[in-house]
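Residues per chain are reported as follows:
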Amino acid sequence: MNEAEIRKYAGLMKELGLTGLEFTEGERVVRLERSAPLPAGEAVYSVPVAEQAPSPAAPQDGSSVRSPIVGVFYAAPAENAAPYVTIGDAVKKGQTLCIIEAMKLMNEITAEEDGVIAEICVTNGQVVEYGTELFRLRR
């Protein structure tokens, strides 16, 4: 594999918003990885778990959408694409709300009931744990 081919694959990864790509060429396995870029104006910081305030409960007239897996939260299907949902959007049962990337697989997270997006509780590119609250819906 030459440099031009590597650059071609790297460009494809950026265009599609991929953080990793692996393929086999003969007996060789080639793996390219890159970190996900942050949206413009978004800062990186960490807060020790002990200092984080507990998240408030879901609204009385609504529900909470939680992560079923550990992975990276993506609000849109591609880096420069519009997000699946925004605050105030009406959603139907089965509608895709986001993607969680786990082990290089993109898992669509769908609404379990009809409602309106009241809050988006995580940021794009954030690592989420099992049970992390992703969205709050109101009826």
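Residues numbered from 1 in each chain as written. Predicted model: local features only at pLDDT ≥ 70, side-chain atom pairs only at ≥ 80, totals over all residues. Heavy atoms only, no water.

Here we come to the sheet that holds strand β4 (residues 71-74). With respect to topology, 4 strands assemble into an open sheet ordered β7-β6-β4-β9, the strand pairing being antiparallel. The sheet is open, and its two edges are formed by β7 (105-110) and β9 (127-128), each paired on a single side. As defined by bridge partners, β4 adjoins β9 across 2 bridges and the pair is classed as antiparallel. Across the sheet, the residue bridging to G71 is V128, located in β9. (Pairing = 2+ DSSP bridges. Helix = DSSP H or I, 4+ residues; strand = E, 2+ residues; numbered from the N terminus.)

The subject of this paragraph is the nonpolar core. Grouped together as the largest cluster of nonpolar side chains are 16 residues, with contacts concentrated most on F73, V91, L97, I117, L134 and F135. Those elements giving two or more residues to this core turn out to be β6 (96-102) and β10 (133-138). Ignoring any residue separated from it by four or fewer positions in sequence, one finds I117 in contact with V85, T86, I87, G88, D89, V91, L97, F135, R136, L137 and R138. (Core = buried A, V, L, I, M, F, W, Y, C linked by side-chain atoms within 4.5 Å. Buried < 20%, exposed > 50% of the residue type's maximum accessible area, 1.4 Å probe, protein only. Contact = heavy atoms within 4.5 Å.)

We now examine the confidence of the model for the protein chain. Residues at a pLDDT of 70 or more form 81% of the protein chain, whose mean pLDDT is 80. Per-residue pLDDT stays below 50 along residues 49-55; that stretch engages in 3 contacts with residues further than four places along the chain or on separate chains. (pLDDT = per-residue confidence, 0-100.)

Bringing the packing of aromatic side chains into the picture now. Taken as a whole and judged by the stated rule, the model has 1 aromatic pair. Taking the centre distance of 6.0 Å and the plane angle of 55 degrees together, the rings of F73 and F135 count as tilted. Of this pair, F73 sits in strand β4 while F135 sits in strand β10, and the two are 62 residues apart along the sequence. The class of F135 is buried, set by a relative accessible area of 1%. (Phe/Tyr/Trp six-rings, centres within 6.5 Å; stacked < 30°, edge-to-face > 60°.)

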